[in-house]
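# Observations on chain architecture
Listed below are the residues making up each chain.
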Amino acid sequence: MKKTLPNHKHQILSNKFLLVFLLIFIGNQIYAQCYSKVEKGAWHTLAIQDDGKLLSWGLNQQGQLGIGNNTDMTTPTQVGTDSDWRFAEGGLSHTVGLKNDNTLWAWGLNAQGQLGDGTNTNTTLPVQVNADTDWQAVGAGNFFTVALKTDGTLWSWGMNDHGQLGDNTTNNRNIPQQVGGDNDWESFSVGLFHVLAIKTDGTLWGWGLNNYGQFGDGTTNNRLLPTQVGRK
């Protein structure tokens, strides 16, 4: 004769299955929220989750969080709905980011053209920097931006009062301007008002504000063009 379990035992088994399901669900949610990258701005933070979503938090007076408003956030808040972000970094009051398709995006303060979209209009949402799909790396300084393309060319835009754009002028730019004519740049790092970069031959170069000798060429003179630091 087939035996049946009492109702209370059925309930216990059901509760156990429910508990196991909840644990699996919660575990999956926790895993989905793991972070793969984090970068800072002056007073805000950017982080990318394993699922490619971009989150931001902190000061947002100029829209640098990219969440569609100017409200400061004390907890991570998703930037839009896209889940294909590869990198993001903040400057003083603006943010730049790269997607997996090598497109470049920017948002926040744009008074000096640091968003590179051809305007000087602030935006609280990401706007694409031209239509190019060959951006490899990007960095944000105080009111200016530098980016590297896959062909080894280096580009800059935004404030240029100390020559930090490396274009031999002190004129601000609101669209990407190539730094010299070289195509052998490998990597770079952006300071507040100066840039240091390495070429594929291992040589080190610097330009921009140099009042404390910050790019190491033995002087305290500002440089409007890339200047080699020492010798290989």
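Placed above this text is the structure.
The sections below set out a description of the structure shown in this document.

Cut-offs used in this document
Residues numbered from 1 in each chain as written. Predicted model: local features only at pLDDT ≥ 70, side-chain atom pairs only at ≥ 80, totals over all residues. Heavy atoms only, no water. Buried < 20%, exposed > 50% of the residue type's maximum accessible area, 1.4 Å probe, protein only. Helix = DSSP H or I, 4+ residues; strand = E, 2+ residues; numbered from the N terminus. Pairing = 2+ DSSP bridges. Axes fitted to C-alpha atoms, helices over the stretch in contact; angles between N-to-C directions. Polar contact = N/O pair within 3.5 Å; in protein donor to acceptor, adjacent residues only side chain to side chain. Contact = heavy atoms within 4.5 Å. Salt bridge = Lys/Arg side-chain N within 4 Å of Asp/Glu carboxyl O. Phe/Tyr/Trp six-rings, centres within 6.5 Å; stacked < 30°, edge-to-face > 60°.

### Quick notes on the pairing of strand β10 (residues 144-149)
Across the six residues that make up β10, a large majority, six, are buried. Along β10, one buried face is formed by F144, V146 and L148 and the opposite face, lined by T145, A147 and K149, is buried too. Relative to β10, strand β9 (residues 135-140) runs antiparallel, the two sharing five bridges. Residue A140 lies in a different strand from β10, and its bridge partner there is T145.

### Points about the sheet that holds strand β11 (residues 154-158)
An order of β9-β10-β11-β12 is seen for the four strands of this open sheet, with the pairing classed as antiparallel. A single partner strand is all that each edge strand has here, and the edge strands are β9 and β12 (173-178). For this sheet, the mean angle separating the axes of adjacent strands, direction not counted, is 20 degrees. Alignment of β10 against β11, held across five bridges, turns out to be antiparallel. Within β11, the residue paired with V146 across the bridge is S156.

### Structural notes on the side chain of Q228
Position of Q228 relative to the elements: it lies in strand β16 (residues 223-228). At a separation of 3.4 Å, a polar atom in the side chain of Q228 contacts the main-chain carbonyl oxygen of G230.

### Topic: the environment of L209
For L209, the position within the fold is in the loop between β15 (204-208) and β16. Considered as a pair, L209 and T220 are eleven residues apart in the sequence and their alpha carbons are 8.5 Å apart. Filtering out sequence-adjacent residues up to four positions away, L209 remains in contact with H162, F193, H194, Q214, F215 and N222.

### Some words on unusual backbone geometry
Positive phi is not limited to glycine here, since N130 has a value of about 45 degrees. For N130, the position within the fold is in the loop between β8 (123-128) and β9. In this structure N130 comes out as partly exposed when scored by relative accessible area, which is 31%. Its identity is not glycine, yet F143 carries a phi of approximately 70 degrees, on the positive side. Looking at the element boundaries, F143 is found in the loop between β9 and β10.

### Thoughts on the sheet that holds β15
In spatial order, the strands read β13-β14-β15-β16; together these four strands make up an open sheet with antiparallel pairing. Since the sheet does not close on itself, it has two edges, and those belong to β13 (185-190) and β16, each with one partner. Within the sheet, the average angular offset between the axes of one strand and its neighbour, ignoring direction, is 20 degrees. With five bridges connecting them, β13 and strand β14 (residues 194-199) associate as antiparallel partners. Bridging from a neighbouring strand, W185 pairs with K199 of β14.

### Quick word on the pattern of salt bridges
Scanning all chains against the criterion turns up nine salt bridges. Note that K99 and D82 form a salt bridge whose closest N and O atoms lie 2.5 Å from each other. Here K99, found in strand β6 (residues 94-99), pairs with D82, found in the loop between β4 (73-78) and β5 (85-90); they are 17 residues apart in sequence, far enough to count as distant. What makes K99 buried here is its relative accessible area of 5%. Among the ionic pairs, K199 bridges to D184, the shortest N-O distance being 3.7 Å.

### What about the side chain of D217?
You can see D217 is positioned in the loop between β15 and β16. A distance of 3.0 Å separates polar atoms of two side chains, one belonging to D217 and the other to T219. Excluding residues within four positions of it along the chain, D217 makes contact with N210, R223, T227 and Q228.

### Remarks on the packing of aromatic side chains
For the structure shown, the criterion picks out five aromatic pairs. Aromatic side chains W135 and W155 sit 6.5 Å apart centroid to centroid with 80 degrees between the ring planes, which places their arrangement in the edge-to-face category. Remark: W155 occurs in strand β11 and W135 occurs in strand β9; sequence separation between them is 20 residues. When the ring of W135 is compared with that of W157, the centres are 5.9 Å apart and the planes differ by 65 degrees; the resulting orientation is edge-to-face. With a gap of 22 residues between them, W135 in strand β9 and W157 in strand β11 connect regions that are remote in the sequence.

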